[in-house]
Amino acid sequence: MPNPSKYWREIPQRYRLEAGKCTKCGFIAFPPRLVCPQCGNRKFEKTKLADSGTILTFTIIRVPPHQFEDQAPYAVGIAELDDGVRLTAQIVDCDSGVLKIGMRVRIEFRKIYEEGAAGVIYYGYKFVPA
Amino acid sequence: MRDVAVIGIGMTKWGELWEKSLRTIFVETALLAIDDAGVDRLDSMVVGCMSSGLFIGQEHLTSLLSDYLGKNPVPAARVESACSSGGLALRQGFIEVASGMSDIVLVGGVEKMTDVTGCEATYALGTAADQEYEGYHGLTFPALYAMMAVAHMHKYGTTREQLAMVAVKNHENGSKNPLAQFPFKISVEAVLQSVLVADPLHILDCSPITDGAAAVILCPADMAKKMKKPVVRITGSGHATDTIALSSRKDMAWLESTHLAGQKALAMAGQKIGDIDLFEVHDCFTIAEIMITEALGLVEQGRGGKAVEEGLTALKGKFPVNPSGGLKAKGHPVGATGVAQAVEVIKQLRGEAGERQVKGAKRGLTQNMGGTGGSSLVHVFEAD
């Protein structure tokens, strides 16, 4: 198990969707960055991601990495949020038959996985049908 | 810059080599390349390996491999660029010889993947993606390529059958390659009926877990001529990167890094894509080969699926792609792949490729890719 710092340093993003907005061109970086990939500016102000978006692509994972063995099969997708940011996450609370490009989703705070028998519970964001 | 030639190649049978360790696989292959070149000295060695740390719990390959090759105190470097580590090793070796820094350089690639379980291997390969923002959510490599496939199918009408045809073609070629992990043919039905890994990719759309190594010996072209060796020159080397996360790409159905690396390599060689006789490309998944043929400019954007269906990329087609069997049939020991692609092109340009020989081949191209296209390396080779 890694040091807890590996986990809590990402909490502002995973729990609160905190992003950085470039003060020059308005590019929203998620996770936050030190350099704007669009204009090279190094100043950002804190912002929060939009909580809804549209699915651009998706798949159903049937062969998972070991931490997710008890969850397979599960759906994941990339959504373009209403602020233009693209995000990768699981798509839950729906049958695989309803998954399609263009589907509207909302971001919810959920459990991602647990580590071991008495281990840490990892939380974060998932997509649910809007 | 000096002209650089490849004067020796080495590759052994790939597969699940349970009785052999990483050091043994590497040294066997390096010795073949050294003997093929007929050289008695090495000025330097560069080895591509993605993750010996996660796969066998061993780092510091520079010391380990130079030691077991019996070449201490030769300077050695290990380079890592995920599944394009081998291609990067080739580029670093090329730069070292071209610059005049070293004359005779061994470039190797190696990966020992079967000492861990399938799930652990899936995890190790997943580290080539953004671990905190893709891996954290349970994403796997097949899943990322599956999402590229879904985007490509939606945008261009590419079909599951066309994806399967890439695997069928590469197995057809691989059936003629005695060193391939899977030297047998498969059918479109077999691909479509095989187990789903991440929809729409079936297990037979995916390259396998493989133990293997490959090696080449580079030297200045002038020196190669004096040694009276069949001279194959590396005339172009292109390298480009892209975002680590697939979600950050403007177009998830397009491989910009491959496009840019291809343009750079061809410009350096002074060639056009249509002048190349054969291509060894990074078909880690069937959709990858389709997107690579588009990014390299063999076909128009969106036409990669049709190209394989029409036989354009078959061994006897206009643009033979992956005569070796590709990653799909030959195997994909990740760090070794980029070097093995060069080994196949040299064999073809020397006319030593046996049943899968592309007749009269004079120019060949390799394309090696890391992650979902976060790195791409393209090399152009020409026979004298």
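The residue numbers shown here count from 1 along each chain, following its written sequence. Throughout, the order in which chains and ligands are written sets their labels, letters from A for the former and numbers from 1 for the latter. In view of the model being predicted, local features appear only for residues whose pLDDT reaches at least 70, and side-chain atom pairs are presented and counted only at 80 or more, with totals across whole chains, interfaces and linings using the full set of residues. Values reported for side chains reflect all heavy atoms of the structure, with hydrogen atoms and water molecules removed beforehand.

Draft legend 1. Up close: the domain arrangement of chain A. Residue and element names in this part refer to chain A. Partitioning chain A into structural domains gives domain 1 (1-49) and domain 2 (50-130). Domain 1 and domain 2 are separated by 20 Å when their C-alpha centres are compared. Only heavy atoms matter for contacts: two residues are in contact if any of them lie within 4.5 Å across the pair. Counting residues at the interface gives eleven residues for domain 1, matched by 15 residues for domain 2. Of the roughly 1100 Å² buried between domain 1 and domain 2, counting both surfaces, carbon and sulfur atoms make up 73%. In terms of residue count, helix α2 (residues 11-16) provides more of the side of domain 1 that touches domain 2 than any other element does, three residues in total. Marked domain ranges trace back to an automatic or database domain assignment. Two parts placed together each lose some accessible area under a 1.4 Å probe, and adding up what both lose gives the buried area. Put simply, DSSP marks the helices as runs of H or I at least four residues long and the strands as runs of E at least two long, and each gets a number from the N terminus on.

Draft legend 2. Main features of the nonpolar core. Residues and elements named next belong to chain B. Core analysis: the biggest nonpolar cluster contains 72 residues, and Phe 55, Tyr 145, Phe 279, Phe 285, Ile 287 and Leu 365 have the highest contact counts within it. Here this core gets ten residues from one element, more than from any other, and that element is helix α6 (residues 141-156). Not counting the four nearest positions on each side in its chain, Ile 287 is found in contact with Tyr 145, Met 148, Ala 149, His 152 and Leu 163. Nonpolar cores were defined as sets of buried Ala, Val, Leu, Ile, Met, Phe, Trp, Tyr and Cys residues, with membership established by side-chain atoms within 4.5 Å. Only protein chains enter the accessibility calculation, which uses a 1.4 Å probe. A residue is then buried if its area is under 20% of the maximum for its type, exposed if over 50%, and partly exposed in between. If you look at the next biggest cluster of nonpolar residues, it comprises 36 residues, including Met 11, Val 79, Ile 346 and Leu 377.

Draft legend 3. Representation of the interface of chain B and chain A. Contact with chain B, which involves 28 residues of that partner, is made by 37 residues of chain A. Together chain B and chain A conceal approximately 2800 Å² of surface at their shared face, both sides included; 60% is due to carbon and sulfur atoms. The largest share of the area that chain B buries against chain A comes from Tyr133(B), Tyr136(B) and His137(B), three residues that together contribute 29% of it. Glu132(B) is the partner of Lys6(A) in a salt bridge, and the nearest nitrogen-oxygen pair spans 3.0 Å. Any pair of N or O atoms that falls within 3.5 Å is considered a polar contact. Within protein, one atom must be able to donate a hydrogen and the other to accept it, and sequence-neighbouring residues count only if both atoms are side-chain atoms. One can count 15 residue pairs in polar contact (both at pLDDT 80 or more) joining chain B with chain A. Where the side of chain B that touches chain A is concerned, the elements lending two or more residues are α5 (118-126), α6 and β5 (196-198) of chain B. Counting residues per element, the side of chain B that touches chain A draws most heavily on α6(B), at six residues. Classification convention: Asp, Glu, Lys, Arg as charged; Ala, Val, Leu, Ile, Met, Phe, Trp, Tyr, Cys, Pro as nonpolar; all other residues, Gly among them, as polar. When the residues that make up the side of chain B that touches chain A are grouped by side-chain class, the tally is 15 nonpolar, eight polar and five charged. Salt-bridge detection follows one rule: a side-chain nitrogen of Lys or Arg within 4 Å of a carboxyl oxygen of Asp or Glu.

Draft legend 4. View of the side chain of Ser257(B). All names here are of chain B. With respect to the element layout, Ser 257 can be found in helix α10 (residues 256-269). A distance of 2.9 Å separates polar atoms of two side chains, one belonging to Ser 257 and the other to Ser 376. Contact partners of Ser 257, with chain neighbours within four places excluded, come to Ala 240, Thr 241, Asp 242, Gly 373, Ser 375 and Ser 376.

Draft legend 5. Local environment of the sheet that holds strand β3 (residues 76-79) of chain B. All names here are of chain B. Taken together, the nine strands give an open sheet; going across it, the order is β3-β2-β4-β7-β1-β8-β11-β10-β9, and neighbouring strands pair in mixed fashion. Of all strands in the sheet, those bounded by a partner on one side alone are β3 and β9 (278-280). Each strand of the sheet is rotated relative to its neighbour by a mean of 25°, with strand direction disregarded. Any two strands with at least two DSSP-identified bridges between them are counted as paired. Direction of pairing for strand β1 (residues 4-11) relative to strand β8 (residues 232-241): antiparallel, over a ladder of three bridges. The residue of β8 that forms the bridge with Ala 5 is Arg 233. Contacting β2 (44-48), β3 and β4 (105-111), helix α3 (residues 61-68) crosses the sheet at an angle of about 130° to β3. Angles here are taken between N-to-C directions and fall from 0 to 180 degrees, while the axes themselves are lines fitted to C-alpha atoms, restricted in helices to the stretch in contact. Of the strands in this sheet, β1, β2, β4, β7 (212-220), β8, β9, β10 (363-370) and β11 (375-383) touch helix α14 (residues 334-350), which is tilted by about 175° from β10.

Draft legend 6. Focus on the environment of Thr286(B). Residue and element names in this part refer to chain B. As for its placement among the helices and strands, Thr 286 is situated in helix α11 (residues 286-295). A relative accessible area of 2% places Thr 286 in the buried class. Note: C-alpha distance between Thr 286 and Glu 59 (227 residues apart in sequence) is 32 Å. What Thr 286 contacts, discounting residues up to four positions off in sequence, is Leu 163, Val 166, Ala 167, Leu 201 and Asp 205.

Draft legend 7. Layout of the sheet that holds strand β2 (residues 28-29) of chain A. Residues and elements named next belong to chain A. One open sheet holds the three strands; their spatial order is β2-β1-β3, and the pairing between them is antiparallel. Only two strands of the sheet have a single neighbouring strand rather than two, namely β2 and β3 (44-48). Relative to β3, strand β1 (residues 18-22) runs antiparallel, the two sharing five bridges. Following the sheet pairing, Gly 20 is matched in β3 by Lys 46.

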